Amino acid sequence: MATQSMRTSLAKIANLGLNQLLTHQDIKAPTVFTIDQDVLCLDSDLQVLNPVMFEQGQPILEQEVTNGWELVVLSQMTLAQLNELCTQAHLKLVYLNQINHRLGVSSYRFSVQTSDPQQSRINANTFAMANNLELAFIENAPSLAQPGLLVMDMDSTTIEIECIDEIAKLAGVGEEVAEVTERAMLGELDFAASLKQRVATLNGASESILADVASTLPLMPGLRPLLDLLKEHQWRIAVASGGFTYFTDYLQKELNLDATQANVLEITDGKLTGKVLGDITDAQVKAETLGRLANEFEIAAGQTVAMGDGANDLLMLAASNLGVAYKAKPVVLQQADCAINFSGLDCLAHWLK
């Protein structure tokens, strides 16, 4: 690769988006990439010491950056925003590792240095929310190029609704059930107990209500493009839900999912009995499902991803190599490895290497 070097005043180019700068300069990855309040420095000869840090008595060679932490941002981020992000999150950019063009969007992966990764992640997420930006601060992310496993929550993740709330509306107990659902999602109630409480209110409702809800399930934006991309790269896809098999079975057929896990509603003579059959699919079962499927499909532990939005997803997110909060409750945002807050599910493609 021919050496491409650039050192310029940040003030002159601060309002440029990363795509404008890097495309115009024909910058390739990997390359030295450092930024501060005054200077942007790029140098694609990785044997050359970083000039800015060298002048400050802090030479950094490629082999010194081995901690696995990366900052991933999308192309619309401006250089000014990138600089402010690094300041607020106490991150030092070292290399531009990878440029990905996936599903019509470009993203940039940077090796970074930080003395406190967890605090840097919190600060980066705060900056992202305040500025309506998507970004991820990730350690050793899974690779799209290798077979992997994605396990998603269903309600408010794979689909845009909470199925039990929609059933309850049609059964005439919508407000009562929706309030309990919200508290359970926030982690204020035991999930299994709250599910039984909500299902009990449906006693005597017609099974046809389930068919009405299933026939109009609104898929989350970006779901189909994401799944198509993952399947092209030999990824396995599953849904693990605290909802009901009536709907996960529908999604499995509609989306050609590899597996599903959910609760079974008891139905007698075309009526709901207000009971759930068998064990409840709760947070622990979701986490166990991820591990079981990884073993079944022979997926390396480092290639597992889980995505969800509620407290019932936390154990599953923790069990995966990359736990992603999707437009999630605060308790999930605080504990997930990374988040997608404003985009469709297809943004996940960029959090993968």
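Residues numbered from 1 in each chain as written. Predicted model: local features only at pLDDT ≥ 70, side-chain atom pairs only at ≥ 80, totals over all residues. Heavy atoms only, no water.

Take the overall build of the protein chain next. Tallying secondary structure elements over the protein chain gives 15 helices and 14 strands in all. Taken against the 2.2 N^0.38 rule, which gives 20 Å for 353 residues, the C-alpha radius of gyration of the protein chain at 23 Å falls within 12% of a compact globule. If one aligns the C-alpha atoms of the protein chain with their principal axes, the spans along those axes are about 80 × 35 × 30 Å. Taken over 353 residues, the protein chain has a buried fraction of 53%. Considering only contacts within the protein chain whose residues lie at least 6 apart along the sequence, 67% involve residues at least 24 apart. Carbon and sulfur atoms provide 47% of the accessible area of the protein chain, an area that totals close to 15,100 Å². Between the centroid of the 22 positive side chains of the protein chain and the centroid of its 43 negative side chains there is a distance of 2 Å. (Helix = DSSP H or I, 4+ residues; strand = E, 2+ residues; numbered from the N terminus. Rg over C-alpha atoms; globule rule 2.2 N^0.38 Å. Buried < 20%, exposed > 50% of the residue type's maximum accessible area, 1.4 Å probe, protein only. Contact = heavy atoms within 4.5 Å. Areas by Shrake-Rupley, 256 points an atom, 1.4 Å probe, with all protein chains shown as cover. Lys, Arg positive; Asp, Glu negative; His and termini not counted. Charge placed at Lys NZ, Arg CZ, Asp CG, Glu CD.)

Taken as a whole, this structure holds 10 salt bridges when the rule is applied. A salt bridge links Arg183 to Glu188, with the shortest nitrogen-to-oxygen separation between them at 3.4 Å. Since its relative accessible area comes to 36%, Arg183 is described here as partly exposed. Residue Arg292 is joined to Glu296 by a salt bridge in which the shortest nitrogen-to-oxygen separation is 3.9 Å. (Salt bridge = Lys/Arg side-chain N within 4 Å of Asp/Glu carboxyl O.)

All right, on to the side chain of Glu134 then. The residue Glu134 is located in the loop between helix 5 (117-130) and strand 7 (135-139) in this model. In this structure Glu134 is buried but unpaired, with Lys327 as the nearest side chain of opposite charge at 7.0 Å. Engagement of the side chain of Glu134 in a polar contact is seen with the backbone nitrogen of Asn341, the distance being 3.0 Å. A polar contact of 2.6 Å, which involves the side chain of Glu134, links it to the backbone nitrogen of Phe342. Setting aside residues no more than four positions away along its own chain, Glu134 makes contact with Val73, Leu74, Ala339, Ile340, Asn341, Phe342, Ser343, Cys347 and Trp351. (Polar contact = N/O pair within 3.5 Å; in protein donor to acceptor, adjacent residues only side chain to side chain.)

With that settled, consider the sheet that holds strand 9 (residues 236-244). Pairing within the open sheet is mixed, and its 7 strands lie in the order 11-10-9-8-12-13-14. Both edges of this open sheet fall to strand 11 (271-277) and strand 14 (338-340), since each of them pairs with a single strand only. Strand-to-strand twist in this sheet, taken as the mean axis angle between neighbours without regard to direction, amounts to 30°. By the bridge criterion, 4 bridges tie strand 10 (residues 259-268) to strand 11 in an arrangement that is antiparallel. In the sheet register, Val264 faces strand 11, and the bridge partner there is Leu277. (Pairing = 2+ DSSP bridges. Axes fitted to C-alpha atoms, helices over the stretch in contact; angles between N-to-C directions.)

Applying the stated criterion across every chain yields a total of 2 cavities of 30 Å³ or more. Sorting the residues of the lining of the largest cavity by element identifies helix 6 (163-171), helix 7 (174-185), helix 8 (191-200) and strand 9 as the ones contributing at least two each. Classifying every residue of the lining of the largest cavity gives 7 nonpolar, 5 polar and 7 charged. Looking at the second largest cavity, its volume works out to about 40 Å³. Considering the residues around the second largest cavity, the lining is formed by Asn125, Ala128, Leu133, Glu134, Leu135, Ala339 and Asn341. Classifying every residue of the lining of the second largest cavity by side-chain character gives 4 nonpolar, 2 polar and 1 charged. (1 Å grid on protein atoms, 1.4 Å probe; cavity = no way out; pocket = protein on both sides within 12 Å on 5 of 7 lines; lining within 4 Å. Points joined across faces, edges and corners; volume = space filled by probe spheres on them. Nonpolar A, V, L, I, M, F, W, Y, C, P; charged D, E, K, R; others polar.)

Moving on: the packing of helix 4 (residues 79-89) against helix 5. The contact between helix 4 and helix 5 brings their axes to 8 Å, and the two run at 140°. Relative to helix 5, helix 4 is oriented oblique. The interaxial crossing formed by helix 4 with helix 5 has right-handed handedness. Across the interface between the two elements, Gln81, Glu84, Leu85, Gln88 and Ala89 of helix 4 pack against Ser120, Asn123, Ala124 and Phe127 of helix 5. Its residues assigned to classes, the contact of helix 4 with helix 5 shows 4 nonpolar, 4 polar and 1 charged. (Parallel < 35°, antiparallel > 145°, perpendicular 65-115°, else oblique. Left-handed = near helix turned anticlockwise from the far one by under 90°.)

Here the focus is the nonpolar core. Of all hydrophobic cores here, the largest spans 58 residues; its most connected members are Leu150, Ile167, Phe247, Leu348 and Trp351. Per-element tally for this core: the top contributor is helix 10 (residues 223-232), with 5 residues. Every residue in contact with Trp351, bar those within four places of it in the chain, is listed here: Val72, Leu74, Arg109, Glu134, Leu135, Ala136, Ile138, Ala141, Leu322, Cys338, Ala339 and Ile340. (Core = buried A, V, L, I, M, F, W, Y, C linked by side-chain atoms within 4.5 Å.)

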